[in-house]
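Spelled out from the first residue to the last, the chains are:
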Amino acid sequence: METEKLYEITAYTENQVGLLSSIAGIFTRRSLNIEKLLVYPSTVEGIHKFKILTRSTEHLIRAVVLQIEKKVDVVKAFYQVNDERSAREIRIVQEFLEERERAHGQDDIK
Amino acid sequence: MTHKISGAEILLESLLAQGVDTVFGYPGGQIIPVYDKLYDYQDRIRHILVRHEQGAIHAAQGYARAGGMPGTVLVTSGPGATNVVTGIADAMIDSTPVVVIAGQVGTSLLGTDAFQETDFIGLTTPITKWSYQIRRAEDIAWAVSRAYYIAKSGRPGPVVLDFTKDAQTGMAEYREASCSFIRSYVPVPKPSEEVLEAAARMIVESRRPLLVYGQGILLSGAEKALEAFLDKTGMPAASTLLGLSALRSDNPHYIGMLGMHGNLAPNIMTQACDLLIAVGMRFDDRVTGNVKTYARQAKVLHIDIDASEIGKNIHADLGVLGDAREVLEALTSRVASRKGGDWLQEPGRFHAVEQERVIAPETAPESGPVKPGEVVSVVSDVCGREAIVVTDVGQNQMFAARYSRFRHSRSMITSGGLGTMGFGLPAAIGAKIAAPQRPVCLFVGDGGLQMTMQELGTILQEQVGVKIVLLDNNWLGNVRQWQELFFHERYSATKMVNPDYACIAAAYSIRFENVESRGELRPAVERMLADDAPCILRVHVAETDNVFPMIPPGKSVNEIMLNEKEWFTNGN
């Protein structure tokens, strides 16, 4: 039996109407209780950040994070047990977007 | 001076820009402006008027599955929108590209419980790949181009556009939009060289490899790449329900269908292989049986376009993220040519047992009532394996899947993940409209036919040449089978008192053939398939026939019932 721990999930997203309920729905489907939720503009220009605290097994958290990241308007999603700071995540998000827009040009996101 | 046109016209221009020439729909109050403009576009957009919105979405699904292009649905707000919800859920779980455009009340009325208002975005968020409410005429072209790009790219799926009435009537300049990039969305991940090398190594080192594939082969157009990979590696391959027809039934590497009512060989060999290569499939529980015992002896190499599928149900020793065709081509060039050896003799043993104990009694009985497997087998035979097979859900579906033989890709259209009864008839209509040059044969039970039987009206109006093979046993057969086997023969609410189908066919001016006995079957099927007109062939089949083999729920994939009394044992 895998042990349950408190995990912190972070997701970097476009600022789109309805995305909060879309992400919350993934937790509902798996009967996961959200202990804490923060949504705010991230330090990446135009990108929002979700911070979600939930208690579960790593196997389930991994599945949930991949299903969050699968959403069209989600850029990247991560999870961690302890409070590893987010500088690494921010670097990954910035590099991902720069690489995408270098290859494809500007996105006309509304 | 800029030239402004209405939002309704911008929508239709945007659909034409996407190559849409067929729309399945039903008008209503909050979508009238679009229908009004559609009057001027009748020469460019064919509108199929269904009899219920559920028919529109299933027809669009059948159209997308047969033709490979997204299906388009146009409905009104409120009940029009909620009536397509089942089909959206079905398209989501079966990765079918459809775009649903639903009317919505004007923006000033949103949230006020206005007449025929419903929160359609809220209702469909968990079952769509993307949903968007269009509130301004200026946003239509942008939203439509995104909708089609998202619906068909990567792992396909349904998209909802909730189209407010004032956006339909508002005036704006039309500028053609085309979307081929969304910065937050990676539809087709590229596998790294290291991962491909590691996968090739696993293949080279294996002695008893088994490849299992799903609809991903059809969706990525990987049929030839799969054949080439199998020819080079000499390994056996088995299909999921949705992967059927990706390989021809007579491909020498093909060993049958996986899962609860699949063939013996692939299910048993799953528990004997040393490498399981899964391509474009998601280890549904109807495929895996008990996951705790599934392929525990094997290494698992999972190739899929969707990262969230890898490791979701079955642990993957290696996941390869990417398009099935690209990955298979890359692997084919990385592995040495070889022959299968003794491992390739295995399926023959299991096929012989299944042929004698299950297939022969079902498809070639000498006496007694007509068997459903026999009907499927005769239809497959008479149409020379040329038909697109569409099924409803239940025993008819399993008999159709087990006993149809395929020569062409995209020839099996069935509701897999959601198991939607009533899917068959409208899906067959959509399939025939997408592929008018091919025969389309629907296998449907008496229960499922009556769930969406109103679509016979659509067949009448549009003269869609669907061949409806009604396997009539006067029972909800699949549930009846479970009640017999697992619920002590307590037949709760599964007996059906059915209408006179000859009268129903006559009411819709559809040709009708009735088969009560074995001698009538083949001539009736030959008459049915002699032309391209719609036809109902009602066959009174054995009332209490069951689908076998069967892996009962919760059992391992090598714990298989051959009939009501006998289990497969590896010695017999």
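(A) Examining the packing of aromatic side chains more closely. Residues and elements named next belong to chain B. A full pass over the atoms with the stated rule returns 12 aromatic pairs over all chains. With a centroid separation of 6.5 Å and an interplanar angle of 20 degrees, the aromatic rings of Phe 399 and Tyr 403 are classed as stacked. Of this pair, Phe 399 and Tyr 403 both sit in helix H17 (residues 395-403), 4 residues apart, which is roughly one turn of the helix. Among the residues examined, Phe 399 registers a relative accessible area of 2% and is labelled buried. By relative accessible area, Tyr 403 is classed as buried at 4%. Of the aromatic side chains, those joined through ring pairs into one cluster are Trp 130, Tyr 132 and Trp 142. Cation over ring: Arg 44 sits above Tyr 41, and NZ or CZ is 4.3 Å from the ring centre. Of note, Arg 480 hangs over the ring of Trp 475, and the distance from its end group to the ring centre comes to 5.7 Å.

(B) Structural context of the interface of chain B and chain A. Every contact between the two is made by 21 residues of chain B and, on the other side, 27 residues of chain A. Between chain B and chain A, roughly 2200 Å² of surface is buried when both sides are summed, and carbon and sulfur atoms account for 53% of that area. A per-residue breakdown of the area chain B buries against chain A is headed by B:Phe181, B:Arg183 and B:Ser184, which together make up 36% of the total. Across the chain B-chain A interface, the total number found is 3 salt bridges. Two residues, B:Arg183 and A:Glu14, come together in a salt bridge whose shortest N-O distance is 2.6 Å. Viewed at the interface, chain A and chain B are joined by 10 residue pairs in polar contact (both at pLDDT 80 or more).

(C) Quick look at the pattern of salt bridges. Counted under the stated rule, the structure contains 36 salt bridges over all chains. For B:Glu193, the salt bridge identified is with B:Arg334, shortest N-O distance 2.4 Å. On the criterion of sequence distance, the pair formed by B:Glu193 in helix H9 (residues 193-205) and B:Arg334 in the loop between helix H14 (324-332) and helix H15 (346-363) is long-range, its members being 141 residues apart. Overall, B:Glu193 belongs to the partly exposed group, its relative accessible area being 46%. We classify B:Arg334 as partly exposed; its relative accessible area is 25%. A salt bridge links B:Arg402 to B:Glu354; the shortest N-O distance between them is 2.7 Å. With a gap of 48 residues between them, B:Arg402 in helix H17 and B:Glu354 in helix H15 connect regions that are remote in the sequence. Residue B:Arg402 is classed as buried on the basis of its relative accessible area of 6%. Looking at B:Glu354, the relative accessible area reads 1%, which means it is buried. Counted as one network, the salt bridges with shared partners bring together A:Lys70, B:Arg155, B:Asp306, B:Glu309 and B:Lys312.

(D) Fine view of the sheet that holds strand E2 (residues 34-41) of chain A. Residues and elements named next belong to chain A. The antiparallel open sheet is built from 4 strands, whose spatial order is E2-E3-E1-E4. Looking at which strands have only one partner, the edges of the open sheet turn out to be E2 and strand E4 (74-80). Between one strand and the next, the sheet's axes are offset by a mean angle of 15 degrees, whatever the strand orientation. Sitting on the sheet, helix H2 (residues 58-69) is in contact with strand E1 (5-13), strand E3 (48-56) and E4, with an inclination near 165 degrees to E4.

(E) Inspection of unusual backbone geometry at higher detail. Residues and elements named next belong to chain B. Note the cis peptide between Phe 548 and Pro 549, where omega equals -5 degrees. Relative to the assigned elements, Pro 549 resides in the segment after strand E20 (535-540). Phi is positive for Ser 95, which is not a glycine, with a value near 50 degrees. You will see that Asp 113, though not glycine, has its phi angle at about 60 degrees, which is positive. Position of Asp 113 relative to the elements: it lies in the loop between strand E5 (98-104) and helix H6 (120-124).

(F) Here's a closer look at the environment of B:Val393. Residue and element names in this part refer to chain B. Relative to the elements of secondary structure, Val 393 occurs in the loop between strand E15 (388-391) and H17. For Val 393, a relative accessible area of 14% corresponds to the buried category. Spatially, the C-alpha atoms of Val 393 and Tyr 403 are 15 Å apart, while their sequence positions differ by 10 residues. If we ignore the near neighbours within four places in the chain, the residues touching Val 393 are Ser 415, Gly 419, Thr 420 and Met 421.

(G) Just the sheet that holds strand E17 (residues 440-445) of chain B, in detail. All names here are of chain B. As summarised here, the arrangement of the 6 strands in space is E16-E15-E17-E18-E20-E19, forming an open sheet in which the pairing is parallel. Edge strands, defined here as strands with exactly one partner in the open sheet, are strand E16 (412-413) and strand E19 (511-515). The sheet contact formed by E19 and E20 spans 5 bridges and is parallel. Directly across from Val 515, in E20, lies its bridge partner Val 539. Set on the sheet, helix H23 (residues 518-528) makes contact with strand E18 (466-472), E19 and E20; between it and E19 the angle comes to about 165 degrees.

Reading the values: rules and limits
Residues numbered from 1 in each chain as written. Chains lettered and ligands numbered in written order. Predicted model: local features only at pLDDT ≥ 70, side-chain atom pairs only at ≥ 80, totals over all residues. Heavy atoms only, no water. Phe/Tyr/Trp six-rings, centres within 6.5 Å; stacked < 30°, edge-to-face > 60°. Helix = DSSP H or I, 4+ residues; strand = E, 2+ residues; numbered from the N terminus. Buried < 20%, exposed > 50% of the residue type's maximum accessible area, 1.4 Å probe, protein only. Lys NZ or Arg CZ within 6 Å of the ring centre and 35° of its normal. Contact = heavy atoms within 4.5 Å. Buried area = accessible area lost by both parts, 1.4 Å probe. Salt bridge = Lys/Arg side-chain N within 4 Å of Asp/Glu carboxyl O. Polar contact = N/O pair within 3.5 Å; in protein donor to acceptor, adjacent residues only side chain to side chain. Pairing = 2+ DSSP bridges. Axes fitted to C-alpha atoms, helices over the stretch in contact; angles between N-to-C directions.

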